[in-house]
Amino acid sequence: TAKIVKRGLSLVKVKVTPKTRSEVIEITNVFRAKIVDISPNTLTIELTGHNQVNAFIDLVERNGIEEIARTGMTALER
């Protein structure tokens, strides 16, 4: 079987308060994700991968997730 490299792109809009904003930013940095939009009540975060996205969602869902958009997996043979 051929080895492949696969990735999926996800955008996750997380609800934040002034108290939780820094925690969500810290988690985002740990996952090497990127904050692509900031509003007073939400952060929109861009992540790539698969298991990484699921782990990120597990950590931030206690804050409340307003919306998630996923591309599905894209792959190339190594």
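Thresholds, definitions, all that
Residues numbered from 1 in each chain as written. Predicted model: local features only at pLDDT ≥ 70, side-chain atom pairs only at ≥ 80, totals over all residues. Heavy atoms only, no water. Core = buried A, V, L, I, M, F, W, Y, C linked by side-chain atoms within 4.5 Å. Buried < 20%, exposed > 50% of the residue type's maximum accessible area, 1.4 Å probe, protein only. Helix = DSSP H or I, 4+ residues; strand = E, 2+ residues; numbered from the N terminus. Contact = heavy atoms within 4.5 Å. Pairing = 2+ DSSP bridges. Axes fitted to C-alpha atoms, helices over the stretch in contact; angles between N-to-C directions.

**Student:** Is there a simple way to think about the nonpolar core in this case?
**Tutor:** As a rule of thumb, nonpolar side chains are buried together in soluble globular proteins. In terms of nonpolar packing, the biggest core is built from 14 residues, with Val 12, Val 14, Val 24, Ile 45, Leu 47 and Phe 56 touching the most fellow members. Those elements that provide at least two residues to this core are strand E1 (4–15), helix H1 (21–30), strand E3 (42–49) and helix H2 (51–60). Examining the composition of this core, we find that 4 residues originate from one element, H2, more than from any other. If we skip the residues at most four places from it in the chain, Leu 47 touches Gly 8, Leu 9, Ser 10, Val 12, Phe 31, Ala 33, Val 53 and Phe 56.

**Student:** Teacher, can you tell me more about the sheet that holds E3 here?
**Tutor:** What links the strands of a sheet is backbone hydrogen bonding, and the strands pair in either a parallel or an antiparallel sense. In spatial order, the strands read E2-E3-E1-E4; together these 4 strands make up an open sheet with antiparallel pairing. In this open sheet, the two edge strands, each paired with only one partner strand, are strand E2 (34–38) and strand E4 (65–77). Neighbour-to-neighbour, the strand axes of the sheet open up by a mean angle of 15°, direction not taken into account. Sheet analysis places E2 next to E3, joined by 4 bridges and oriented antiparallel. What sits directly across from Lys 34, in E3, is Glu 46. Sheet contacts for H1: E1, E2 and E3; angle to E3, the most-contacted strand, approximately 15°.

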